[in-house]
Amino acid sequence: MATNSSTLMGFVHRRRRGAELFLLVLALVVGIGAYAAVGLGVDGEVPTNLIGYGGWLAVLTVAAHVVVRFVAPYADPVLLPVVAALNGLGLAVIHRLDLAKDTGLASQQLTWMTLGVILFVATLVFLPDHRLLARFTYTSGLAAIVLLILPMLPGLGTQINGARIWIAVGPFSFQPGELAKVLLVVTFAGYLVVHRDALALAGRRVVFIDLPRGRDLGPILMMWVVSLGILVLQRDLGSSLLFFGLFLVMLYVATERPGWLVVGGLLFFGGAAVAFRLFSHVQKRVDIWLDPFADPDGSGYQLVQALYGFGWGGMIGRGFGEGMPERVPYAESDFILAAIGEELGLTAVMAVLLLYGLVVERALRAALISRDGFGKLVATGLAAVLALQVFVVIGGVTRLIPLTGLTTPFLSYGGSSLVANWVIVAILLRISDQARRPLPDLTEDEDADEQATQVVKVVPQ
């Protein structure tokens, strides 16, 4: 019986990896095909470096697949291909903007992708069990705080586009907050696993909702203060929203108490109101959101051009080379979705949103099937990071919410974001592999002992 079970599981995981390889081929078709379409649309010919570019992209994705096949054979087969498709499409769109602006950002992004895949492989190889991360709960929290403080240090931190969230080391710049978000997920998960029973205790009941006890409000108040500090000191609205929303989601999932959502919502809107009253950069973001056409050639120029691009693209887009996405400032990073909407249309935008939805869904599925509480919370936290980041970025670009300044995961130009997100995918695959891995079969002696064991129920006379 044990042999048959092992054979069946081996067949299942081979089919899973075969499906992953097939989907990776489709992802490569998307990435390399889009790159070729850019050359045909802009220059009227296939790019001369298509073979080298496509070959390197194939090497990276196949290498990632091979590592997953050997060190995480039971991992989710959909996650890696979806991420590869998003990354490949992003590279093609950045190349399209390079041709319009005469820059070389696409080659730099491919270099960052290479580094991201290397760290993806290293994470899977050197992290055989995600539960090892629980040992570094408070160490990860301390490291995250240090990373968030680094941009504030004179001589090291640098201010770009009004936000002081970068550090410069020689010719390279790095955004420490991207790595800090991964460390914070580990910290929150480790803390909540230990303290969730106390945090789940109900306090006063108000309108059918049990609010948390006053003595338990310390963690959420501390995270609220940290988020406001990021907003005030670093002028980074996006990261402030991301970190507070991440902690609130994980706290609710750990305790299953809606009261925490009520308290968190009140703190959020209270903090937002205070920030709007006191800080000019927050007021400016809100004013642009409410009426970008009040100053279409000044503060509202970026959003206005993006909205015009969406309208010009229509349902199926103008085609690569037929639009003017370069008119949108920072189209390769913050507003890359506007470039996609203009030249590939609403259809492509909906496809991108569907791919992001798949990434979040597979992450939440890994959380559901995980056998340990720490793994459940880590997977949920990473899913929340990706979902919140996509929401605030795309919501800002489409004028659903004020602009935040974050980058679209895997699509936008940005090395620190891309590298951190590849590490996130590796951790999710490790949790998925651990959850799907079959339990050890009983040996023949243990099986015989189990059959010989009788359970006697004593009925009181």
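Residues numbered from 1 in each chain as written. Predicted model: local features only at pLDDT ≥ 70, side-chain atom pairs only at ≥ 80, totals over all residues. Heavy atoms only, no water.

**Student:** Help me understand the overall build of the chain in this model?
**Tutor:** Looking only at helices and strands, the chain features 15 helices and five strands. Every one of the 461 residues in the chain was classed for burial, and the buried ones make up 49%. Here the analysis covers contacts within the chain between residues at least 6 apart in sequence; of these, 72% occur between residues at least 24 apart. Accessible surface, the chain: about 22,000 Å² in total, of which carbon and sulfur atoms supply 67%. (Helix = DSSP H or I, 4+ residues; strand = E, 2+ residues; numbered from the N terminus. Buried < 20%, exposed > 50% of the residue type's maximum accessible area, 1.4 Å probe, protein only. Contact = heavy atoms within 4.5 Å. Areas by Shrake-Rupley, 256 points an atom, 1.4 Å probe, with all protein chains shown as cover.)

**Student:** Which parts of the structure should I look at to understand the nonpolar core?
**Tutor:** For soluble globular proteins, nonpolar side chains are generally found buried alongside one another. Grouped together as the largest cluster of nonpolar side chains are 114 residues, with contacts concentrated most on Met-113, Phe-120, Ile-220 and Trp-422. Per-element tally for this core: the top contributor is helix α12 (residues 336-369), with 14 residues. Those residues within four positions of Phe-120 in sequence are excluded, and the remaining contacts are Ala-64, Val-68, Leu-80, Trp-422, Val-425, Ala-426 and Leu-429. (Core = buried A, V, L, I, M, F, W, Y, C linked by side-chain atoms within 4.5 Å.)

**Student:** Help me understand the packing of aromatic side chains in this model?
**Tutor:** Ring pairs (aromatic) are described by centroid distance and by the angle formed between their planes. According to the stated counting rule, one finds six aromatic pairs in the structure shown. Between the aromatic rings of Tyr-35 and Tyr-53, the centroid separation amounts to 3.8 Å while the plane-to-plane angle is 15°, which identifies the pairing as stacked. With Tyr-35 in helix α1 (residues 2-42) and Tyr-53 in helix α2 (residues 50-71), this residue pair connects regions lying 18 residues apart in the sequence. Aromatic ring contacts, followed pair by pair, group Phe-120, Phe-410 and Trp-422 into a single cluster. Lying across the ring of Trp-312, Arg-318 places its NZ or CZ 3.9 Å from the centre. (Phe/Tyr/Trp six-rings, centres within 6.5 Å; stacked < 30°, edge-to-face > 60°. Lys NZ or Arg CZ within 6 Å of the ring centre and 35° of its normal.)

**Student:** Please explain unusual backbone geometry as it appears in this structure.
**Tutor:** Most peptide bonds take the trans configuration, and most residues that are not glycine carry a negative phi. Non-glycine residue Glu-256 carries a positive phi angle of around 60°. One can find Glu-256 in the loop between α8 (237-255) and α9 (258-278). For Glu-256, a relative accessible area of 64% corresponds to the exposed category. Even without being glycine, Arg-399 reaches a positive phi, approximately 65°. You can see Arg-399 is positioned in the loop between α13 (373-397) and α14 (415-436). When its relative accessible area of 35% is taken as the criterion, Arg-399 is described as partly exposed.

**Student:** So what exactly am I meant to see when it comes to the environment of Met-152 here?
**Tutor:** By the secondary structure assignment, Met-152 is in the loop between α5 (137-149) and β1 (157-160). Considered as a pair, Met-152 and Trp-166 are 14 residues apart in the sequence and their alpha carbons are 8.9 Å apart.

**Student:** Honestly, the pattern of salt bridges in this entry has me stumped. Any pointers?
**Tutor:** Side chains that differ in charge, positive against negative, can pair when their charged atoms come close. Taken as a whole and assessed by the stated rule, the structure comprises twelve salt bridges. With a closest N to O distance of 3.4 Å, Asp-76 and Arg-436 form a salt bridge. Highlighted residues: Asp-76 in the loop between α2 and α3 (79-101) and Arg-436 in helix α14, separated in sequence by 360 residues. A residue is classified by how much of its surface remains accessible, and Asp-76, at 2% relative accessible area, is buried. Close ionic contact of Arg-96 with Glu-343 constitutes a salt bridge, the shortest N to O distance being 2.9 Å. A residue pair is termed long-range when its members are at least 10 positions apart, and Arg-96 in helix α3 and Glu-343 in helix α12 qualify at 247 residues. Glu-343 carries the same exposure label as Arg-96, and that label is buried. A network of salt bridges, in which partner residues are shared, links Asp-76, Glu-361, Arg-362, Arg-365 and Arg-436. (Salt bridge = Lys/Arg side-chain N within 4 Å of Asp/Glu carboxyl O.)

**Student:** Hey, could you run me through the environment of Leu-24 in this one?
**Tutor:** Mapping Leu-24 onto the fold places it in helix α1. On the accessibility criterion, Leu-24 (3% relative accessible area) is buried. As a C-alpha pair, Leu-24 and Val-82 span 58 residues in sequence and 8.0 Å in three-dimensional space. Every residue in contact with Leu-24, bar those within four places of it in the chain, is listed here: Thr-61, His-65, Leu-80, Pro-81 and Ala-84.

**Student:** Hey, could you run me through the packing of α3 against α12 in this one?
**Tutor:** To characterise two packed helices, one gives the angle between the axes of the helices and the distance between these axes. Where α3 contacts α12, the axes come no closer than 10 Å and their chain directions differ by 160°. Classed by the angle they form, the pair α3 and α12 counts as roughly antiparallel. By crossing handedness, the relation of α3 to α12 is classed as left-handed. Across the interface between the two elements, Leu-79, Val-82, Val-83, Leu-86, Leu-89, Gly-90, Val-93, Ile-94 and Arg-96 from α3 touch Ile-336, Ala-339, Ile-340, Glu-343, Leu-344, Val-352, Leu-355, Tyr-356, Leu-358, Val-359 and Arg-362 from α12. For the contact of α3 with α12, the class distribution of residues is 16 nonpolar, one polar and three charged. (Axes fitted to C-alpha atoms, helices over the stretch in contact; angles between N-to-C directions. Parallel < 35°, antiparallel > 145°, perpendicular 65-115°, else oblique. Left-handed = near helix turned anticlockwise from the far one by under 90°. Nonpolar A, V, L, I, M, F, W, Y, C, P; charged D, E, K, R; others polar.)

**Student:** How should the packing of α12 against α14 be read in this particular structure?
**Tutor:** Contact pair α12 / α14: the axes reach a minimum separation of 9 Å and the direction vectors enclose 40°. In terms of orientation, α12 lies oblique with respect to α14. Note on packing geometry: the crossing formed by α12 with α14 is left-handed. Judged by residue contacts, Arg-362, Ala-363, Arg-365, Ala-366 and Ile-369 of α12 engage Leu-428, Ile-431, Ser-432, Ala-435 and Arg-436 from α14. Broken down by class, the residue content of the contact of α12 with α14 amounts to six nonpolar, one polar and three charged.

**Student:** Looking at this model, I keep getting lost on the confidence of the model for the chain. Mind explaining?
**Tutor:** If pLDDT is low for a region, its predicted coordinates should not be looked at in detail. Model confidence for the chain is summarised by a mean pLDDT of 85, while 87% of its residues fall at 70 or above. Across residues 442-450, confidence stays below pLDDT 50; counting only partners more than four residues off in sequence or on other chains, it has three contacts. Within the model, pLDDT remains below 50 along residues 452-461, and this stretch shows zero contacts once partners closer than five positions in the same chain are excluded. (pLDDT = per-residue confidence, 0-100.)

**Student:** What is the right way to read a nonpolar patch on the surface from this model?
**Tutor:** On the surface, Ile-145, Ile-149, Met-152, Leu-153, Val-232 and Leu-233 cluster together into a nonpolar patch covering about 500 Å² of accessible area. Going through the elements one at a time, α5 and α7 (218-233) are the ones with two or more residues in the nonpolar patch. Following the sequence through the fold, Ile-145 ends up in helix α5. Judged by its relative accessible area of 49%, Ile-145 is partly exposed. (Patch = residues over 30% accessible without salt bridge, like charges linked within 9 Å, V, L, I, M, F, W, Y side chains within 5 Å.)

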